[in-house]
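Structural description and commentary
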Amino acid sequence: MVPSAVTTTDWREALPVLQAGAVTLRELRLSDAASLLAMLTTEEVSRFISPPPTTVDGFERFIAWTHRERAAGRYVCFGIVPDGFDQAVGIIQVRTLGAGFDIAEWGFALGSGFWGTGVFQNAARQVLGFAFGEVGIQRLEARSAVANGRGNGALQKLGATREGVLRKSFLRDGVYHDQVIWSICQDEWREWETAPAARTH
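Residues numbered from 1 in each chain as written. Predicted model: local features only at pLDDT ≥ 70, side-chain atom pairs only at ≥ 80, totals over all residues. Heavy atoms only, no water.

Thoughts on the confidence of the model for the protein
Overall, the predicted model of the protein reaches an average pLDDT of 91, with 92% of residues at or above 70. Here residues 1-8 is modelled with pLDDT under 50, and outside its nearest four sequence neighbours on either side it reaches 24 contacts, counting other chains as well. (pLDDT = per-residue confidence, 0-100. Contact = heavy atoms within 4.5 Å.)

Here is the structure:
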């Protein structure tokens, strides 16, 4: 998918606003802090991700950090805003793994009330289009705990390739967990977008 609404030609200045069906993807705002605190700190959401901030002030600091990192050209973070909502109910973030932005890693978190609604798949496809088409990423990696069946299933539906297992690579609450490493490459994505029925992953 090509982003259907672009409001800037340089994402380092400000992220474009992307429309994905009944979902808007936009840069995080300080006013999103309370919503993100409520949505992303529940046990079912936070159990497989790095610990999120625990206060509104903490999320405000995180949001300010995302703006600085985006301006430096190292990171982008989209807030997921379903139709009928003013604040973000989840995030999709992409960060460079090197000096340039050709190889990157992405991650996501969404309030559990929106699981299984299609919100994530619609949003993720728009972010993939932005990452490969606007940023110029060649390879996009994701790590997901082996026990995170929902996260691994979502990546598989997006056409990601499971490359292997990283043993004891994620520490959460004093316990080391194995992670699956997934990848999507730009040429594969372009091929899938022009021939969706050909997806085999």
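What about the packing of aromatic side chains?
Evaluated as defined, the whole model comprises 9 aromatic pairs. Consider the rings of tryptophan 11 and phenylalanine 101, whose centres lie 5.5 Å apart with planes at 85°: the pair is edge-to-face. Taken together, the positions of tryptophan 11 in the segment before strand 1 (18-20) and phenylalanine 101 in the loop between strand 4 (90-96) and strand 5 (103-110) put the pair 90 residues apart, joining distant regions of the chain. On the basis of relative accessibility, which here comes to 6%, the residue tryptophan 11 falls in the buried class. Between phenylalanine 62 and tryptophan 65, the aromatic rings sit 6.2 Å apart at their centres with planes inclined by 25°, giving stacked as the arrangement. Here tryptophan 65 and phenylalanine 62 lie together in helix 3 (residues 56-71), a separation of 3 residues that amounts to about one turn. Three or more aromatic residues link up through ring pairs in this structure, and these residues are Phe59, Phe62, Trp65 and Tyr75. (Phe/Tyr/Trp six-rings, centres within 6.5 Å; stacked < 30°, edge-to-face > 60°. Helix = DSSP H or I, 4+ residues; strand = E, 2+ residues; numbered from the N terminus. Buried < 20%, exposed > 50% of the residue type's maximum accessible area, 1.4 Å probe, protein only.)

Comments concerning the nonpolar core
Val94, Trp106 and Ile137 are the most contacted members of the largest nonpolar core, which has 39 residues in total. Looking at which element gives the most residues to this core, the answer is helix 4 (residues 119-135), with 10 residues. Those residues within four positions of valine 94 in sequence are excluded, and the remaining contacts are Arg74, Tyr75, Val76, Phe101, Ala104, Glu105, Trp106, Val127, Ile137 and Leu140. (Core = buried A, V, L, I, M, F, W, Y, C linked by side-chain atoms within 4.5 Å.)

Notes on the pattern of salt bridges
Counted by the stated rule, this structure contains 10 salt bridges. A salt bridge links aspartate 10 to arginine 12, with the nearest nitrogen and oxygen atoms 3.6 Å apart. Three or more residues joined by partner-sharing salt bridges are found here, namely Arg95, Glu105 and Arg143. (Salt bridge = Lys/Arg side-chain N within 4 Å of Asp/Glu carboxyl O.)

Some thoughts on helix 3
One turn of an α-helix holds 3.6 residues; hence residues three or four places apart share an orientation. An ideal rise of 1.5 Å per residue puts 22 Å on 16 residues; helix 3 measures up with 23 Å between its terminal C-alpha atoms. Taken residue by residue, helix 3 has Gly58, Phe59, Phe62, Ile63, Thr66, Glu69 and Arg70 as its buried positions. Down the axis of helix 3, the buried set is contained in an arc of 140°. They therefore lie on one face. The exposed set on the far side of helix 3, more than 90 degrees from its buried face, consists of Arg61 and Arg68. Summarising the contacts, the buried residues of helix 3 are in contact with strand 2 (23-27), helix 1 (33-40), strand 3 (75-82) and strand 4. Glycine 73 sits one or two residues past helix 3 and shows a positive phi near 80°. (Expected span 1.5 Å × (residues − 1). Arc of directions from axis to C-beta.)

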